[in-house]
Amino acid sequence: MLEEVWLFLDHECDQGRRELLEKHLDECSPCLEQFGIEEHLKVLLKSKCGGDHAPETLKQRLRDKIRETVTEHREQA
């Protein structure tokens, strides 16, 4: 679950996966606590970056790399 928290926070997973992750967070205290930390970190980073926006090509490369890493971790599990 925690491997996918950034995809969840960025609304980059499909609705079915999002619902499964939400259900898991509702039922798993350790993950919910970690999710809260990650969410807080994201808000903090956004507030400290001065509103600068990354180029779309960088965002896409990051999304692709995150998806690739999550897929690799799933296959290894």
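Just above sits the structure.
Residues numbered from 1 in each chain as written. Predicted model: local features only at pLDDT ≥ 70, side-chain atom pairs only at ≥ 80, totals over all residues. Heavy atoms only, no water.

**Q** How would you summarise the nonpolar core if you had to cite specific residues and measurements?
**A** Counting residues in hydrophobic clusters, the biggest one holds nine residues: Val5, Phe8, Leu9, Cys13, Leu21, Leu25, Cys28, Cys31 and Phe35. Looking at this core, the elements that each hand over two or more residues are helix 1 (5–9), helix 2 (15–27) and helix 3 (29–48). Ranked by residues supplied to this core, first place goes to helix 1 with three residues. (Core = buried A, V, L, I, M, F, W, Y, C linked by side-chain atoms within 4.5 Å. Buried < 20%, exposed > 50% of the residue type's maximum accessible area, 1.4 Å probe, protein only. Helix = DSSP H or I, 4+ residues; strand = E, 2+ residues; numbered from the N terminus.)

**Q** An account of helix 2 is requested, with residue identities and associated values reported.
**A** Given a rise of 1.5 Å per residue, 13 residues ought to cover 18 Å, and the 19 Å separating the end C-alpha atoms of helix 2 matches this to within 8%. The complete set of buried residues in helix 2 reads Arg18, Leu21 and Leu25. The arc enclosing the buried residues of helix 2, seen along the axis, measures out at 65°, which places them on a common side. The outward face of helix 2, more than 90 degrees from its buried face, is lined by the exposed residues Leu20, Asp26 and Glu27. If you follow the buried residues of helix 2, they end up packed against helix 1 and helix 3. The residue sitting at the N-terminus of helix 2 and contributing the capping side-chain oxygen is Asp14; that oxygen lies 3.2 Å from the backbone nitrogen of Gly16. (Expected span 1.5 Å × (residues − 1). Arc of directions from axis to C-beta. Contact = heavy atoms within 4.5 Å. Polar contact = N/O pair within 3.5 Å; in protein donor to acceptor, adjacent residues only side chain to side chain.)

**Q** Describe the side chain of Arg18, and please don't skip the residues or the numbers.
**A** Here Arg18 shows up in helix 2. Setting aside chain neighbours within four positions, we find Arg18 in contact with Phe8, His11 and Cys13.

**Q** Any chance you could break down the pattern of salt bridges for me, citing the residues and the numbers?
**A** According to the stated counting rule, one finds six salt bridges in the structure shown. Glu27 is the partner of Lys23 in a salt bridge, and the nearest nitrogen-oxygen pair spans 3.2 Å. One end of the pair is Lys23 and the other is Glu27, both in helix 2 and four residues apart, which spans about a single turn. The class for Lys23 is partly exposed, based on a relative accessible area of 47%. Glu68 is paired through a salt bridge with Lys65; the nearest N and O atoms lie 3.5 Å apart. Separated by three residues within a single helix, Glu68 and Lys65 lie in helix 4 (residues 56–76), roughly one turn from each other. Classification of Lys65 as partly exposed rests on a relative accessible area of 47%. (Salt bridge = Lys/Arg side-chain N within 4 Å of Asp/Glu carboxyl O.)

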